[in-house]
Amino acid sequence: MSKTNIKSFGKPYTYLKDPELRTKETRDAQLVIKDALFSGVDFKYLTWKNIRFVNCDFAGGYEIKLTAMENCAFESCKILGIHDFGAMNKVRFYKCLSGGASNWGGNVGSKEVFFEECRFIGETSDRNQQGSVGAYGEAVFVNCKAKWFDIAAETRLEIRGCEFEDITCGPGLHSEDGAPVVIEGSKLLGEFRMHPARLASLTIRDTQLDLLDLTGATVKGDVVIERVKGGALKAGFASRNFTLKDSQIYGPAEQGKPVFDTAIAASETFLIDNVQFASGLQDLVGVGEGRALGANEWSATPRNKMAIIRNSRLPRIDASWLETQHLQLQGNEIGSLDVSNSRIGQLEISGNTINRGVDFSHTQAKQANVQRLRSDQAKLEGSNLKLPR
C-alpha cells in the first residue's frame, strides 16, 4: 500500500503540529493515524498524547524530536532513520519493523515502553554501523526478533520470548543504581554482548545462548542464572550473590577460551549447582582470581563468605589465587582441579570423582577436610594442607 504524506491529512496533521489546539477542540479523545508517511516534515519540541499510529511509515533523520510521548501505540509501523520520541510513558510498539542503521526510541525518563513481536534487522556485523532501538529509561521486549542491533535500556530491561542474534546492550551506564535486567525464555544467538553495563540485578532463566559476554559489567545486587543451555558464559563481574544452577554450558565460541569465567572472590556468596560444563578434557571453568595477589591483599578479610560447587561436571577447574572464607566442592565429577596459591578459611572437598591431578601448591587454609586422593594426584609444595592417607 502506498502511503500518503502526513502533510495531506488535514486536521489530524494540524493536531500533531499543535497539541494545545487538539486538546482545546477534542479534549482527551484518542487520535488515530492510519497509512501515513512521516517524512520531510519537522515535529519538534512537542508532546504527543493518546495517539494510535496504524500501518504508518517513519523515515528520514532528525525530523522528529519530541519533548514527550504519553499513552501512544504504534501498530504494524515501519520505522527507519533517526527519531527522538522524547520521554515516553506507556508507549507500545506492536509488530513494528526497523532495520539498517536506524536509531530511535525514548529519551531520559522513559517508563513502561513495550516492544512486542517487533523485528529489528541490521545490515552489517560492524558494531559502528549498527542501529539502536529502545529507551533511555525502561524497555521491555516481548517475542521480538533482532539481529545486528543495539538494544537500549537505562533503568530497566526485560527480554522475554525473544530471538536475538549478535546483539549489544549496555544497561544502566548512566544510572547510579544500575538497571535490573531479566531475560527469560529467549534465544541469544551469536554473541550477546552486555558490557560495559551497570546492573542492579541480573536474572536469566530458560534461555539458550551461544556466547554471553558480561566481562567488566558490575552488578550491585544478585545474579541468578537457571536452566540455561548453550555455549560460553563470560561472567567476569562483581555481584552480591551469584547463582548458576540446572544448566548446560557446552563450550566456548572461541577456541582456547574458558566455557565459563568469573571470579568467586568478586561475590559475597557463590553457588554452582547441577551444571554440566562441556566434555573435552581441556575445557576450562575459571573461577579463580586470575592474577597474583599482593602481600597486603592476603591479610584482608575475603569478600567471598561462601563458595559452593556441587553436583556438577567440570572437566577442568581453575580456582587459583582464590580468596574465600569457605570453599566447598561436593558431589562433582571433576577432570582436574587447580586451587593453587589460594587463601581459604575453611576448605571442604568431599564426595567428588576426580580423574586427574589436584594442585594445592602454596595454598593456605585455616581448616581443611579433603577427601582421600591417590598418592600421585595432589601437589602440596608450599601448602599447609594435611591430606588423609
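Up top is the structure.
Quick summary incoming for the structure in this document. Everything numeric here is computed off the predicted structure, so don't read it as measured data. (Residues numbered from 1 in each chain as written. Predicted model: local features only at pLDDT ≥ 70, side-chain atom pairs only at ≥ 80, totals over all residues. Heavy atoms only, no water.)

### Description of the nonpolar core
Working step 1: With 103 residues, the main nonpolar core has Phe 93 and Phe 260 as its most contacted residues.
Working step 2: The dominant element in this core, judged by the number of residues it contributes, is strand 23 (residues 198–213), at five residues.
Working step 3: Not counting residues within four places of it along the chain, the set of residues in contact with Phe 260 comprises Leu 233, Ala 235, Phe 242, Leu 244, Phe 270, Ile 272, Phe 277, Leu 284, Val 285, Gly 286 and Val 287. (Core = buried A, V, L, I, M, F, W, Y, C linked by side-chain atoms within 4.5 Å. Buried < 20%, exposed > 50% of the residue type's maximum accessible area, 1.4 Å probe, protein only. Helix = DSSP H or I, 4+ residues; strand = E, 2+ residues; numbered from the N terminus. Contact = heavy atoms within 4.5 Å.)

### A few points about the packing of aromatic side chains
Working step 1: Under the criterion given, the structure shown has 27 aromatic pairs.
Working step 2: Their ring planes at 50° and their centres at 5.9 Å tell us that Phe 38 and Phe 43 sit as a pair that is tilted. Take Phe 38 and Phe 43: they sit in the same class, and that class is buried.
Working step 3: Between Phe 120 and Phe 149, the aromatic rings sit 6.0 Å apart at their centres with planes inclined by 40°, giving tilted as the arrangement. Here Phe 120, found in strand 15 (residues 119–121), pairs with Phe 149, found in strand 18 (residues 149–153); they are 29 residues apart in sequence, far enough to count as distant. Residue Phe 120 shares its accessibility class with Phe 149, and that shared class is buried.
Working step 4: Looking at Lys 17, its charged tip hangs above the ring of Phe 43, at a distance of 5.3 Å from the centre.
Working step 5: Positioned above the aromatic ring of Trp 148 is the side chain of Lys 147, whose terminal nitrogen or guanidinium carbon lies 4.5 Å from the ring centre. (Phe/Tyr/Trp six-rings, centres within 6.5 Å; stacked < 30°, edge-to-face > 60°. Lys NZ or Arg CZ within 6 Å of the ring centre and 35° of its normal.)

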